[in-house]
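Fold and contact review
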Amino acid sequence: MDCRTFIERLDEFLAGTLWPSERRDFEAHRATCAGCRDLEALFAAGPGEGGAAAPPGLLRDVLERTSGSACRGARGLVCDHVDGALAPVDDELLRLHLNDCPECAGLARALLLMKADLPGLAERRPDDRFLADVLARTAPRGRVAPPLAARLTEAWRRLVQRPRFAFEGAYLGSIFLLLLFGIPASPLAGVPQRALELARVNPVAGLRAVGEDVAPRLQTAVPPGWREKGAELAGATRRLAGEAVRRSTDRLDELAQDLGTLWGRLASLGATNDTNGAAAGADRVEGDDK
Amino acid sequence: MGHSEPVPGRAAFRNETERVLLDEATLLERCRRGDDLAWEALVRLYQSRVYAVALHYMRNAEEARDVAQDIFVRIYQRLGTFRGGEAFLPWMLRLARNACIDALRRRKARPHAADAAFGDAVQLAAPGPTPEEMSEARSSRDLLYRAMDRMSEADREILMLKDIQGLMIEEISSLLAVPTGTVKSRCNRARLELAAHVRRLDPSYGA
């Protein structure tokens, strides 16, 4: 047997499937060939046993060329690993990865430390007045329900402070208008269209057109007898008005005359009184001197 | 005062002289009956937790204080609607979250002051027993706060609910109205993101 045959049939030898005569030839060659002996020892060893030390970075290079880095998968498991919630096989696989990956190992240690540190953040002591303030706000006098108006006012204040309130209002308003005018069955469905048509009409021109159209029709529609009666009525009205003006003018003249007479009388009466008073005053002065 | 660290849902306060253990259910039942002392004890028990939640959402100490008060007022007004069979913490956190979201909406509706970072906020709760431990705890907490500042609102919220407040996946799913699978994946993503931020800020964290 030569070395080439030994290498080609080494698997069968190790599996024990060779005939006894072939096996004897194998063993005879192995006894004389150191290279084939080493090869057999290498193949016969279990995984991870024997062989030469792998060069640094070989694993990383192989992973880069095949499945890619295993860190991503490891980080998907590391939280459960820290919580002790990982299946034993996954836990062992992760442990092997952590042994070789300092980045993931550091992350796992940080997670473990955080697990102990984070519950310590659950409480923060407020200042000393806090308890007293809370008790004051929930004291018996505060338990009396405020009046309904105050509660409604407060509820409204809170409602309008919500940033979404304006948007919600606009949304509801739009829906309301749509229901009111947008549905064909609604009695107000035609209102927007009519309003638009009305807005497009020039009202002054419309009135002028109506006047030009109606005036001739009125003239022809009114009977001739009505027109004569109308003329008589207009003449009578003018006469009455003239008479009223004339009479009122005469009356005013009479009134003016009466007033003139009255003023004249009053004036003459005043003059007489002045004269008598002056004469009486002169007599009194002369008597005092006496 | 001398009471042990309270465990929400379990022991509330231990009366040192009579050794009477008040559990949460007893406190809530007494609160519902109008027991002022029980209400005070409940507020005292949960004030730090409620304030921490408010601070997580508001990110401003002053606003967080006001919102925390509002949360307690809401709790007080709605204690009658709380069913005895359910857990109190998720119910309380639901109210707290809604109150914070309302406050954030109001804040958006008006000009507001700049947000403060977590690390700039008020003092830490429950310091460690020794100065060294206290200093170490403070530095790691500050580091976590600074890292959380870099996260999105959604990731920070789910991290706060799951890993900080300790809600179950199902409770968060109910609270946020999203499937449990989504909660779990978001939660893991948020934790990984936080871990990455922390290591960028301090490579020695977990080394």
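Reading the values: rules and limits
Residues numbered from 1 in each chain as written. Chains lettered and ligands numbered in written order. Predicted model: local features only at pLDDT ≥ 70, side-chain atom pairs only at ≥ 80, totals over all residues. Heavy atoms only, no water. pLDDT = per-residue confidence, 0-100. Helix = DSSP H or I, 4+ residues; strand = E, 2+ residues; numbered from the N terminus. Contact = heavy atoms within 4.5 Å. Salt bridge = Lys/Arg side-chain N within 4 Å of Asp/Glu carboxyl O. Buried < 20%, exposed > 50% of the residue type's maximum accessible area, 1.4 Å probe, protein only. Buried area = accessible area lost by both parts, 1.4 Å probe. Nonpolar A, V, L, I, M, F, W, Y, C, P; charged D, E, K, R; others polar.

Let's talk about the confidence of the model for chain A
Residue and element names in this part refer to chain A. Predicted confidence across chain A gives a mean pLDDT of 80, with 85% of residues reaching 70 or more. Looking over chain A, one finds the lowest element-wise mean pLDDT in helix 10 (residues 140-143), namely 55, and the highest in helix 8 (residues 102-117), namely 92. Every residue in residues 282-290 is under pLDDT 50, and counting partners more than four places away or in other chains gives 0 contacts.

Notes on the pattern of salt bridges
What the rule picks out here adds up to 29 salt bridges over all chains. Ionic pairing is found between arginine 65 of chain B and aspartate 133 of chain A, a salt bridge with its closest N-O pair at 2.7 Å. Placement of arginine 65 of chain B in helix 3 (residues 61-78) and of aspartate 133 of chain A in helix 9 (residues 129-137) is noted, with the two residues assigned to different chains. There is no split in this pair, since arginine 65 of chain B and aspartate 133 of chain A are both buried. For arginine 97 of chain B, the salt bridge goes to glutamate 157 of chain B, with nearest N and O atoms at 2.5 Å. A residue pair is termed long-range when its members are at least 10 positions apart, and arginine 97 of chain B in helix 4 (residues 88-108) and glutamate 157 of chain B in helix 6 (residues 153-164) qualify at 60 residues. Judged by its relative accessible area of 15%, glutamate 157 of chain B is buried. In this structure, a network of salt bridges that share partners links the residues Asp83 and Lys115 of chain A together with Asp163 and Arg191 of chain B.

Quick word on the interface of chain A and chain B
Every contact between the two is made by 36 residues of chain A and, on the other side, 52 residues of chain B. Together, the buried faces of chain A and chain B total about 4,300 Å²; carbon and sulfur atoms form 58% of this surface. At the level of elements, helix 6 (71-83), helix 8 and helix 9 of chain A are the ones that each hand at least two residues to the side of chain A that touches chain B. Top contributing element to the side of chain A that touches chain B by residue count: helix 8 of chain A, with 8 residues. In terms of residue class, the side of chain A that touches chain B is made up of 18 nonpolar, 4 polar and 14 charged.

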